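Residues per chain are reported as follows:
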Amino acid sequence: MKRDDSLIIAVDFDGTCVEHDYPSVGIEVEGAVDTLRKLVSKGHRIALYTMRSGELLEAAVRWFKERKIELWCVNHNAKQSEWTSSPKLHADIYIDDSALGCPIIYIDGVRRPVVNWAKVRELLEYNGVL
Ligand SMILES: [Mg+2]
């Protein structure tokens, strides 16, 4: 992968951008907003990749809009229909609290871990994405 290209970065919502509080929108996970804004400012494209649907999905989309984080697509990459009929959202990088190998962190009093954005940022920098 050429690191000077604009990458498609799929980002999960619950447990990744916000703490687990589904169907509500949880508290912002530390470092998520800054890192996502920086990715966009570097020209990368953020693809929201979530199981949410309907009004719950709209709440997640609104979360990005309120924080001025531009979403390139939501759960569907229209461009990929040019070369595949696969329903899986194509991205160059996936950031998801449930992904094996994704850095996670446990917060006191919170049952499920969330993405450790400080570590994710280090990995993105190490790999030349940020
Ligand atoms: Mg999740």
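Residues numbered from 1 in each chain as written. Predicted model: local features only at pLDDT ≥ 70, side-chain atom pairs only at ≥ 80, totals over all residues. Heavy atoms only, no water.

**Student:** Looking at this model, I keep getting lost on the side chain of Gln80. Mind explaining?
**Tutor:** Turning to its location among the elements, Gln80 is positioned in the loop between β3 (71-74) and β4 (93-95). Of note is the side chain of Gln80, whose polar atom sits 2.7 Å from the backbone oxygen of Lys88. The residues touching Gln80, leaving out its near neighbours within four places in the chain, are Ser86, Lys88, Leu89 and His90. (Helix = DSSP H or I, 4+ residues; strand = E, 2+ residues; numbered from the N terminus. Polar contact = N/O pair within 3.5 Å; in protein donor to acceptor, adjacent residues only side chain to side chain. Contact = heavy atoms within 4.5 Å.)

**Student:** Can you walk me through the coordination of the magnesium ion in this structure?
**Tutor:** Around a metal, the ideal angle is 109.5 degrees if four donors adopt a tetrahedral arrangement and 90 or 180 degrees if six donors adopt an octahedral arrangement. The coordination sphere of the magnesium ion contains the protein donors Asp12 (OD), Asp14 (O) and Asp97 (OD), at a distance range of 2.1 to 2.2 Å. In primary sequence terms, the donor set of the magnesium ion follows D-x1-D-x82-D. With Asp12 in the loop between β1 (8-11) and α1 (32-41) and Asp97 in the loop between β4 and β5 (104-105), this pair connects stretches of sequence that are 85 residues apart. Here Asp12 matches Asp97 in class, with each residue buried. (Donors = N, O, S within 2.8 Å, 3.2 Å for Na, K, Ca; no water. Buried < 20%, exposed > 50% of the residue type's maximum accessible area, 1.4 Å probe, protein only.)

**Student:** In this structure, what is going on with the layout of surface pockets? I would like to understand it.
**Tutor:** Empty space among the atoms becomes visible once a probe the size of a water molecule is rolled across them. When its volume is computed, the largest pocket comes out at roughly 260 Å³. What lines the largest pocket is Asp12, Asp14, His20, Tyr22, Tyr49, Thr50, Met51, Arg52, Asp96, Asp97, Ser98 and Arg112. By residue class, the composition of the lining of the largest pocket is three nonpolar, three polar and six charged. (1 Å grid on protein atoms, 1.4 Å probe; cavity = no way out; pocket = protein on both sides within 12 Å on 5 of 7 lines; lining within 4 Å. Points joined across faces, edges and corners; volume = space filled by probe spheres on them. Nonpolar A, V, L, I, M, F, W, Y, C, P; charged D, E, K, R; others polar.)

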